[in-house]
Amino acid sequence: MGFALADPPADNCCAGGRNLSEILAYLPVFILILTGLGLLLNLPYRWLLILFSVQFVAAFWLILLSWPLGLAAVKLLVGWMAVAIIGSSINEEESPTDFNWKLNDNFFEIIAGLLILLLAFSLGNTAFQWIPASFAVISGGLVLAGLGLLQLGLSTQPFRTTIGLLTLLSGFDIIYAAVVNSVLVAGLSALVSLGLAFLGAYLMNVEHLEDQP
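The written sequence of each chain sets the order in which its residues are numbered from 1. The predicted origin of the model limits local features to residues at a pLDDT of at least 70 and limits the giving and counting of side-chain atom pairs to 80 or more, whereas totals for whole chains, interfaces and linings rest on all residues. Side-chain numbers come from the whole structure's heavy atoms, not from hydrogens or water.

Section: the overall build of the protein
Here comes step 1: Numbering of helices and strands starts at the N terminus; helices are DSSP runs of H or I of at least 4 residues and strands are runs of E of at least 2. The helix and strand inventory of the protein stands at seven helices and zero strands.
Here comes step 2: Ordered by position in the sequence, the α and β elements of the protein form the string α-α-α-α-α-α-α.
Here comes step 3: Each residue's exposure class comes from its accessible area (1.4 Å probe, protein chains only) as a fraction of the maximum for that residue type: buried when under 20%, exposed when over 50%, partly exposed otherwise. Scored against the burial criterion, the 213 residues of the protein give a buried share of 44%.
Here comes step 4: Only heavy atoms matter for contacts: two residues are in contact if any of them lie within 4.5 Å across the pair. A sequence separation of at least 24 residues applies to 74% of the contacts in the protein between residues at least 6 apart.

This is how it looks when you write it as structure tokens:
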């Protein structure tokens, strides 16, 4: 009987560990929400690049729940390389440096972003039933994909368009990683991400040359 009484605490300990892991799985989703909404704001380019870099860390976290560390790290490294490529093409003279953001500057973007979040979590409840992944992974991927599409619809600037495309691709990678575990898929996604980054950098340089007298 002494051994029988010792079993329930062990079960409670395991349940507590599972609850902690589930809570930690939602932390990157929260980070994706903050960074995704932040990328919609009229902030200095330096701040936007920082938010974009943190976004790739959260995406790596969610992909790590489905892929081994080696494959998931490819997404993080390629994402940071894309940030470096885009950042190297920014014209410092045209980039604002003062952090003087006000709510009125992006009221519509914030409202639209919140509606995208509601839609993403609503679709996540449905997709959770037929995609073999946790709700945190599905909702995180849908949040990124939705905010990426919103970014594409709100601006025609090469800088923001490139960020929108890479954000959309990251959301797709998070969900697809839960379905397929493949080195080929990871490599193809890396090539597409770098291609988009180089294309965005090229368009940013062309735009800068056209603006010069």
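So that's the structure; there's more coming.
Let's talk about the packing of helix H5 (residues 135–154) against helix H6 (residues 158–177)
Here comes step 1: For the pair H5 and H6, the least separation of the axes is 7 Å and the interaxial angle reads 160°. Considered as vectors, H5 and H6 are oriented roughly antiparallel to each other. At the point where H5 passes H6, the crossing takes the left-handed sense. Where H5 abuts H6, its residues Val 137, Ile 138, Gly 140, Gly 141, Leu 142, Leu 144, Ala 145, Gly 148, Leu 149, Gln 151 and Leu 152 lie against Arg 160, Thr 161, Ile 163, Gly 164, Leu 165, Thr 167, Leu 168, Ser 170, Gly 171, Ile 174 and Ile 175. Note on method: axes are straight lines fitted to C-alpha atoms, helices fitted across the in-contact stretch only, with angles between N-to-C directions ranging 0 to 180 degrees. Angular relationships are summarised with four words: roughly parallel below 35 degrees, roughly antiparallel beyond 145, roughly perpendicular across 65 to 115, and oblique for the angles in between. Crossings are assigned a handedness: left-handed for a near helix turned anticlockwise from the far helix by less than a right angle, right-handed for a clockwise turn.

With respect to the environment of Gly 200
Here comes step 1: Its place among the elements puts Gly 200 in helix H7 (residues 183–211).
Here comes step 2: Counting along the chain gives 42 residues from Gly 200 to Pro 158, while the straight-line C-alpha distance between them is 5.8 Å.
Here comes step 3: The contact partners of Gly 200, leaving out residues within four places of it in the chain, are Pro 158 and Thr 162.

Structural notes on the nonpolar core
Here comes step 1: Counting 57 residues, the largest nonpolar core has Phe 52, Ile 86, Leu 147, Phe 159 and Ile 174 as the members making the most contacts within it.
Here comes step 2: The dominant element in this core, judged by the number of residues it contributes, is helix H2 (residues 45–64), at 10 residues.
Here comes step 3: In contact with Phe 159, other than residues within four places in its own chain, are Tyr 45, Leu 48, Leu 49, Ile 86, Ile 90 and Met 204. Among buried residues, those of type Ala, Val, Leu, Ile, Met, Phe, Trp, Tyr and Cys that are joined through side-chain atoms within 4.5 Å constitute a nonpolar core.

Overview of the packing of aromatic side chains
Here comes step 1: Side-chain rings of Phe, Tyr and Trp, where Trp is taken by its six-membered ring, are said to pair if the distance between their centres is within 6.5 Å; with planes under 30 degrees apart they count as stacked, over 60 as edge-to-face, and otherwise as tilted. According to the stated counting rule, one finds five aromatic pairs in the structure shown.
Here comes step 2: With 5.3 Å between their ring centres and 15° between their planes, Phe 172 and Tyr 176 make a pair best called stacked. Linking Phe 172 with Tyr 176, this pair stays in helix H6, spanning four residues, or about one helical turn.
Here comes step 3: On the basis of relative accessibility, which here comes to 47%, the residue Phe 172 falls in the partly exposed class.
Here comes step 4: Through a chain of ring-to-ring contacts, three or more aromatic side chains come together here, namely Tyr 26, Phe 121 and Phe 135.

A word on the environment of Leu 76
Here comes step 1: Of note, Leu 76 is situated in helix H3 (residues 69–88).
Here comes step 2: Residues Leu 76 and Trp 61, 15 residues apart in the sequence, show an inter-C-alpha distance of 9.1 Å.
Here comes step 3: Beyond its immediate stretch of four places on either side in the chain, Leu 76 contacts Phe 56, Val 57 and Phe 60.

That is the geometry; function is a separate question.
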